[in-house]
2 protein chains.
Amino acid sequence: MATQNLTTGHMRSDGSETTLGAIPHPLGQLTVTEVNLAREAILKARGTTVAVHFRSIFLEEPPKKELSQFLDLEHSEKVSLQTPRPARRAKVQYDVVRGDKNHEYTESCVDIASGIEVKIRVVDKVHHASLTTHEFKAFTEACFASPLYKKAIAEFDLPEGFVVTIDPVSICATISGIEAESSGLLFVQDGSQEQPWPYGGDGEIVPRYMQGLCFARDARSGNGDSNHYPYPLPLIPVMNTYSHEIVRVDKLATGGKDDGLLYGTHKKNVLDHCSPGEYIPELLSQALRSDIRPLNVVQPEGPSFQVNGNLIEWQKWRFRVGFNPREGATLHDVHYDGRSVLYRLSLSEMTVPYGDPRPPFHRKQAFDFGDAGAGRAANNLSLGCDCLGVIKYFDTVLTEPDGTASLAKNVVCLHEQDNGIGWKHTNYRTQRAVVTRLRELVVQFIITLANYEYIFAFKLDQAGGITFETRATGIVSVVNIDPGKTSPWGNVVSSGALAQNHQHIFCLRIDPAVDGQNNTIVSEESLPMPISKELNPYGNGYEVRQTPIKNSQFFDASPMTNLTVKMTNPSKLNPVSGKPVSYKFIPTASQLMLAHPDSVMAKRAQFAQHHVWVTKYKDGELWAGGEFTNQSQKEIDGVADAIARNENVENEDVVVWNTFGLTHNPRVEDWPVMPVEIHQIHLRPADFFTSNPAIDVPGSKDTASTLAPGSEVCCESGTVQKEASSHLQGAGPDLDPKSNL
Amino acid sequence: MATQNLTTGHMRSDGSETTLGAIPHPLGQLTVTEVNLAREAILKARGTTVAVHFRSIFLEEPPKKELSQFLDLEHSEKVSLQTPRPARRAKVQYDVVRGDKNHEYTESCVDIASGIEVKIRVVDKVHHASLTTHEFKAFTEACFASPLYKKAIAEFDLPEGFVVTIDPVSICATISGIEAESSGLLFVQDGSQEQPWPYGGDGEIVPRYMQGLCFARDARSGNGDSNHYPYPLPLIPVMNTYSHEIVRVDKLATGGKDDGLLYGTHKKNVLDHCSPGEYIPELLSQALRSDIRPLNVVQPEGPSFQVNGNLIEWQKWRFRVGFNPREGATLHDVHYDGRSVLYRLSLSEMTVPYGDPRPPFHRKQAFDFGDAGAGRAANNLSLGCDCLGVIKYFDTVLTEPDGTASLAKNVVCLHEQDNGIGWKHTNYRTQRAVVTRLRELVVQFIITLANYEYIFAFKLDQAGGITFETRATGIVSVVNIDPGKTSPWGNVVSSGALAQNHQHIFCLRIDPAVDGQNNTIVSEESLPMPISKELNPYGNGYEVRQTPIKNSQFFDASPMTNLTVKMTNPSKLNPVSGKPVSYKFIPTASQLMLAHPDSVMAKRAQFAQHHVWVTKYKDGELWAGGEFTNQSQKEIDGVADAIARNENVENEDVVVWNTFGLTHNPRVEDWPVMPVEIHQIHLRPADFFTSNPAIDVPGSKDTASTLAPGSEVCCESGTVQKEASSHLQGAGPDLDPKSNL
């Protein structure tokens, strides 16, 4: 089906549109012009008596009701320049700062066409805004100016030529209960009681904080990329993000196995037993390998995909790619061969709780999407390094503190890749083989969150499959450990550097629209049967049992019953099998949250405690851990609250949230940068099609493949080399004498 | 470490050696010359009064004690032409046929150097030899000649121009208990009692059988590759493999949901409601896709691997590849950077039990390795189709019934591939990114077993990892179903063709030699901790608990405790972490055998009932399901018997067997040929190395990558584009004024 190109949403690098008179698609990212317009609208609306500190300005996706109608018209090719379309809206997140220096975190919606603010919400102070890169920037300077910090750092002698380097990160802080605390001081060396937080009792609003993981960098080489992580300093300063005051500096335990929770030797020369751990090639302690010969991916006729603005078409797939500062890249309106599969697909949240019980490590639990924003942390990708082949890049527009737009280039890459054999069959009688390759289309973005990297990829294939892949890499978080010790809370990956045990728990948000919006989620299991004369006389039978999910709820993976989640359309039956069309996946039985259910860590991350959540669609309900995760005390308006609405989800507009993760007890091989740890979720059609959707993929040969010395070619697909295969010819002639081979 | 090339074991295509005076490596496959020599030895030893029907002749791998000593010398570069080496031995499997036509399945060992038989074993008649392709060939002719078969087939009218096509397969047959049976007859249509087997009571030796799955092929086009599977005939003939007599023809049930176990309408025109399902391009009912542009893998400087006979060296890996008619490709003496990792790695067995309880489908359970042999079923691989890039092929030598050798070309392919990013880190302060690709070396073979294909690949990577990958493809097994019906025992994937539910359960045999032969297997789990003031005051802590396996035993995957199997060397500690060096894997929590434990299916496949088996090494103990699986009644001398020896396995020469699988309830998309279903096992170093073993991989760029129209290059790795990234620059200057960025 040809697509009308009236709505390109295609940005030039200066943010202007490419087609004269073109209208941005409702799902197109805000252009620089639109961002600036929204900024103006807010400044005007707030007036001159206050300061406005902007955080983000990005597209507010239209309500599903409106957008679906428009998308349906698009698919029916009934859209013209005159077609009414959902209004372009900008979501603006900012602080209003009044004379008293109080920050009011505010969220507004601006109608682009009119340039008018149409909605405003001042966020309750119990919630904290996510942290921006600009706020992170302020941390180190704040330490530099802080008497408390200076006193703390003076307790340590850095090696000659080393400078302090601080990674600011979000903090998991509590307000009451076991953490009731008062003013901040350093730990004293004899392990006396932990010093409390600088605020009052229950109910008081907690200020917005940030913590800093401190290291020292060897600056003697003059190379700013010398790795600081091998030199962890045993202190954590905590800053009030508004006042920039360092309110507290925790001294860290550095003991080992059998040492108490707060124990550490805390010598002045606390880094002397540490070792370098360089990873940049010019500083590497060993020579680079010189025997890896190039392997190039070449597409002499160009790529097979077509891109028009945010619209991508490839091998019967048709979808749009979005991008926002929180979720990074998102897929929308995903169709295969003209049929609807998904309304929206995105990674909804992730959390990285640390399992070291020694205070203050109980505060080490980032929600990288909610606390900071994956989109803000996205790498600018590099040709031939991050992606191979013919690459199409997509940009995004981020926001400066003054609200002006800044272009972030090449944050999403699009390319094809070969993933081995797609399907094959050889008729052993004739030796005729038919084999095709599995070509995939990859939409990828990479985020850096201080030490860690995550590579996220949506992979669509020619057999109607969608794979969501996560690769964790980057640098594991380490803390200082006394010389010669080991610890049950992690692994010593470098002398004096303990890589703490932790988990990475993610949640993929799947908004299915399998042949239409109203779907039923079915849990299907394969179960053993008793032996019985009437039903299972020889005991080999097994039953496949389906349980439709009727009310919003969670459930867990069950690999030993092969539990499969099927997102079905009960109103559309497959004409061959008679069963409802569906897309399915098997939820990985990842280990879930290990933190105690009564802990703040666990309470903040309900989503991380079950594998599958089925909710009824609600506009704006996008984040598994809730809208405000930064410094949250518990999960609010995340998936747990969503299912508590106890709505009917049978044959409804539903959303499926899949939690998966990785328990990471670091190994020495993860140092200094870890080799990728890979996880995949496979969404696959199940009775959606009437045959293998890739059966029409030609079995064409890669004519560029060549033989290594010493090999010979045999058996071109389709021909039989009699000599070599005579021993494999099969069952003899068919019984009809006329058809003898 | 340079390797001496005295022992190439390199075969020319005529089986001769390539280097003058070179001696085959002890692990080198038998050459054609050696096979013929072994044949002669047996014929001579057995004499002229009997006939000898050969099955297989292949290398008998030397005992570990001898071989290890030799390999150690090799690694120390102390091997010369004079070095004593393990004797080359041929294992010969054959039937001795005497005047009375009785077949004695016999196994002998021939010493190649002397040409003398040094061992002979007449196998107990309770065991049955595996089936050869030559035996399969005889099946269709036997049907043609059988009055019983002809009577049965006459009950059906085939469509005009269709011919019967039979897939012979192994059979799961019982001798007693619930299956006590007598002479063979067809089912009568009124569902009267199942007809029994043609032999006497308990204890009598069961003849060796084979069964045939019958289909009809549309021969009208004259194309011998027209797909017969869409036309399943509801009968199964059973043949005595020695007498070639069809002893029984079972009539198959064709009913659906709510029909009885033996029900079927059994009309004469039983195929009229079936539909074609072609997959070969010239007969395809739809046009092939024309919009997929080529994607080529080009290695302009050639491959990075070096091959000398069966020795492969690549990126610090050094190992030998073997091949035998049962296991297919095997890896031996796997070292990384001069250190021992594995002694041997192979797929040990697989079984495919069907879950349709209607007789006679309880007899549908192949053990593809033990019943027939993966090596015998290996495809001859095709350049650019089965493998991309620069390919090295390996051949094998198979055996004709007269014992002569026949060369099977290109049964194993070796090539490199790119698997995305290997590791990456970006220093957000400087925007300096270091990224490397993950290059893998692939050793792959593909087997066809009648309808099914399996693609097996050993993938070694630059980060010291070994991945074993299985892809299932080919054609699902279907049986006839009455028009308009559905069934709980499978899915209708084509009109009149029910694809039965089944499982594929595999077992990987890992013989570790982690820095030496004596290893301890450790089961490691991550476990929650209670909240306690002394140990875990905030509830975020978790414990990592290790359980060394002391006695041979089985245990199961436990994903919810992140159970990880570590193959350790307790005598070798990592100098950084202080922990024993190891290689680890997380056993997949695949669904295990669904068949009832009392069923013959389950009793034959104990290996399929638990995920991990740890045994003490024993020469020749290679097959998880036991040596003789064809028509077995229970698993004998498989992993279950091995662990029953209850041996000490702590700090011993141990073997780890990992069972994994796929419960396959077919979907319509699996028809007519299924898109690959992929499973991977990841063996990864854990504290084996003192840092990321791939840290020295250069971050070289694929200069062949290009931009799709509309993109711009940004941010070459290592450079900072100030404009684009200003918003991402991080935490400000370091605190030492001398090192300001």
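Residues numbered from 1 in each chain as written. Chains lettered and ligands numbered in written order. Predicted model: local features only at pLDDT ≥ 70, side-chain atom pairs only at ≥ 80, totals over all residues. Heavy atoms only, no water.

Side note on the UniProt feature "modified residue: 2',4',5'-topaquinone" (unreviewed entry) in chain A
All names here are of chain A.
Here is step 1: UniProt annotation of "modified residue: 2',4',5'-topaquinone" (unreviewed entry) refers to Tyr-452 when read in the numbering used here.
Here is step 2: Its place among the elements puts Tyr-452 in strand 19 (residues 452–461).
Here is step 3: Those residues in contact with Tyr-452, other than ones at most four positions away along the chain, are Tyr-354, Ile-447, Thr-473, Gly-474, Ile-475, Val-476, His-502, His-504, His-664 and Met-674. (UniProt positions renumbered as here; feature names shortened; annotations may be inferred. Helix = DSSP H or I, 4+ residues; strand = E, 2+ residues; numbered from the N terminus. Contact = heavy atoms within 4.5 Å.)

Points about the interface of chain A and chain B
Here is step 1: Chain A puts 226 residues into the contact, and the matching count from chain B is 226 residues.
Here is step 2: Both sides of the chain A and chain B interface together cover about 18,300 Å² of buried area, and 55% of this is carbon and sulfur.
Here is step 3: The interface formed by chain A and chain B contains 8 salt bridges.
Here is step 4: Notably, a salt bridge pairs A:Arg432 with B:Glu282, separated by 2.9 Å at the nearest N-O pair.
Here is step 5: Here chain A is connected to chain B by 98 residue pairs in polar contact (both at pLDDT 80 or more).
Here is step 6: Of the residues forming the side of chain A that touches chain B, the biggest block, 17 residues, is contributed by strand 17 (residues 405–427) of chain A.
Here is step 7: Residue composition of the side of chain A that touches chain B, by class: 104 nonpolar, 76 polar and 46 charged.
Here is step 8: Sheet analysis places strand 16 (residues 390–399) of chain A next to strand 33 (residues 706–707) of chain B, joined by 2 bridges and oriented parallel. Within strand 33 of chain B, the position partnered with A:Val390 by the bridge is B:Thr706. (Buried area = accessible area lost by both parts, 1.4 Å probe. Salt bridge = Lys/Arg side-chain N within 4 Å of Asp/Glu carboxyl O. Polar contact = N/O pair within 3.5 Å; in protein donor to acceptor, adjacent residues only side chain to side chain. Nonpolar A, V, L, I, M, F, W, Y, C, P; charged D, E, K, R; others polar. Pairing = 2+ DSSP bridges.)

Digging into the relation of the copies chain A and chain B
Here is step 1: Between chain A and chain B, which share one sequence, the superposing operator has a rotation angle of 180° and an axial displacement of 0.0 Å; the RMSD is 0.0 Å. Considering both components of the superposition, the chain copies are consistent with a two-fold axis. Taking the C-alpha atom as reference, chain A places A:Val297 closest to the rotation axis, 2.5 Å from it.
Here is step 2: Counting the interface residues of chain A, we find that 100% of their copies in chain B are interface residues as well, pointing to one common contact surface. (Least-squares fit on C-alpha atoms with pLDDT ≥ 70 in both.)

Considering the state of the cysteines
A covalent bond between the sulfur atoms of two cysteines is referred to as a disulfide.
Here is step 1: For the structure shown, the criterion picks out 2 disulfides over all chains.
Here is step 2: A sulfur-sulfur distance of 2.5 Å marks the disulfide that ties A:Cys387 to A:Cys413. In this structure the cystine formed by A:Cys387 and A:Cys413 twists about its S-S bond by roughly -100°; its chirality is therefore left-handed. Pair noted here: A:Cys387 is in the loop between helix 5 (368–372) and strand 16 and A:Cys413 is in strand 17, with a separation of 26 residues, a long-range link.
Here is step 3: Among the residues examined, A:Cys413 registers a relative accessible area of 0% and is labelled buried.
Here is step 4: No disulfide involves B:Cys172; its sulfur sits 19 Å from that of B:Cys214, the nearest cysteine.
Here is step 5: Using a relative accessible area of 1% as the deciding quantity, one classes B:Cys172 as buried. (Disulfide = S-S within 2.5 Å. Buried < 20%, exposed > 50% of the residue type's maximum accessible area, 1.4 Å probe, protein only.)

Things to note about the pairing of strand 22 (residues 490–494) of chain B
Residue and element names in this part refer to chain B.
Here is step 1: Across the 5 residues of strand 22, 5 count as buried, placing the element largely inside the fold.
Here is step 2: Where strand 22 and strand 23 (residues 497–500) come together, 4 bridges link them in antiparallel fashion. Its bridge partner being in strand 23, Gly-490 is matched across the sheet by Gln-500.
Here is step 3: In this antiparallel pair of consecutive strands, strand 22 and strand 23, the connection spans 2 residues, and Gly-496 shows a positive phi of 75°.

Details of unusual backbone geometry
Here is step 1: Each neighbour pair has its own omega, and for A:Pro359 with A:Pro360 the value is 5°, a cis peptide bond.
Here is step 2: Looking at the secondary structure, you find A:Pro360 in the loop between strand 14 (339–353) and strand 15 (365–366).
Here is step 3: The residue after A:Trp671, namely A:Pro672, is reached through a cis peptide bond having omega 0°.
Here is step 4: By the secondary structure assignment, A:Pro672 is in the loop between strand 31 (652–664) and strand 32 (674–686).
Here is step 5: One non-glycine residue with positive phi stands out, namely A:Asp687, at about 60°.
Here is step 6: With respect to the element layout, A:Asp687 can be found in the loop between strand 32 and strand 33 (706–707).
Here is step 7: With a phi close to 60°, B:Ala450 is a non-glycine residue in the positive phi region.
Here is step 8: Residue position: B:Ala450 is located in the loop between strand 18 (432–449) and strand 19 (452–461).

Thoughts on the UniProt feature "domain: Copper amine oxidase catalytic" (unreviewed entry) in chain A
Here is step 1: UniProt annotation of "domain: Copper amine oxidase catalytic" (unreviewed entry) refers to residues 295–695 of chain A when read in the numbering used here.
Here is step 2: Helix makes up 4% of residues 295–695 of chain A and strand 51%, with an end-to-end C-alpha separation of 29 Å.

Notes on the environment of A:Pro294
Here is step 1: Here A:Pro294 lies in the loop between strand 8 (246–251) and strand 9 (296–298).
Here is step 2: Along the primary structure A:Pro294 and A:Ser523 are separated by 229 residues, whereas in three dimensions their C-alpha atoms are 46 Å apart.
Here is step 3: Setting aside anything within four residues of it in sequence, one finds A:Pro294 in contact with B:Val298, B:Gln299, B:Pro300, B:Glu301 and B:Arg439.

Focus on the packing of aromatic side chains
All names here are of chain A.
Here is step 1: Tallying each qualifying case throughout the model produces 41 aromatic pairs over all chains.
Here is step 2: For the pair Tyr-454 and Phe-506, a centre-to-centre distance of 5.8 Å together with 80° between the ring planes defines the contact as edge-to-face. With Tyr-454 in strand 19 and Phe-506 in strand 24 (residues 502–512), this residue pair connects regions lying 52 residues apart in the sequence. Both residues of the pair, Tyr-454 and Phe-506, belong to the buried class.
Here is step 3: Taken together through their ring pairs, the aromatic side chains of Phe-323, Phe-369, Phe-445, Tyr-452, Tyr-454, Phe-456, Phe-458, Phe-468, Phe-506 and Phe-660 make up a single cluster.
Here is step 4: In this arrangement the basic side chain of Lys-64 is found over the ring face of Tyr-343, its NZ or CZ atom lying 4.4 Å from the centre.
Here is step 5: Across the ring face of Trp-657, the terminal group of Arg-509 is positioned such that the distance to the ring centre comes to 5.3 Å. (Phe/Tyr/Trp six-rings, centres within 6.5 Å; stacked < 30°, edge-to-face > 60°. Lys NZ or Arg CZ within 6 Å of the ring centre and 35° of its normal.)

With respect to the environment of A:Phe215
Residue and element names in this part refer to chain A.
Here is step 1: Inspection of the secondary structure assignment puts Phe-215 in strand 6 (residues 209–218).
Here is step 2: Accessibility expressed as a relative area gives 2% for Phe-215, which makes it buried.
Here is step 3: Those residues in contact with Phe-215 that lie beyond four places of it in its chain are Val-163, Val-164, Thr-165, Asp-167, His-228, Tyr-229, Tyr-231, Pro-232, Leu-233 and Val-478.

So, the domain arrangement of chain A
Here is step 1: As far as domains go, chain A holds domain 1 (32–122), domain 2 (133–176 + 188–283) and domain 3 (306–475 + 502–664 + 673–686).
Here is step 2: Computed over C-alpha atoms, the centres of domain 1 of chain A and domain 2 of chain A are 39 Å apart. (Domains from an automatic or database assignment.)

What to know about the sheet that holds strand 7 (residues 235–240) of chain A
Residues and elements named next belong to chain A.
Here is step 1: Pairing within the open sheet is antiparallel, and its 4 strands lie in the order 5-6-7-8. Taken across any chain shown, the strands that pair with only one partner, and hence form the sheet edges, are strand 5 (162–169) and strand 8. The average undirected angle you get between the axes of adjacent strands in this sheet is 30°.
Here is step 2: Summarising the sheet, strand 7 and strand 8 pair through 5 bridges and their orientation is antiparallel. Paired with Leu-235 across the strands is Lys-251, a residue of strand 8. (Axes fitted to C-alpha atoms, helices over the stretch in contact; angles between N-to-C directions.)

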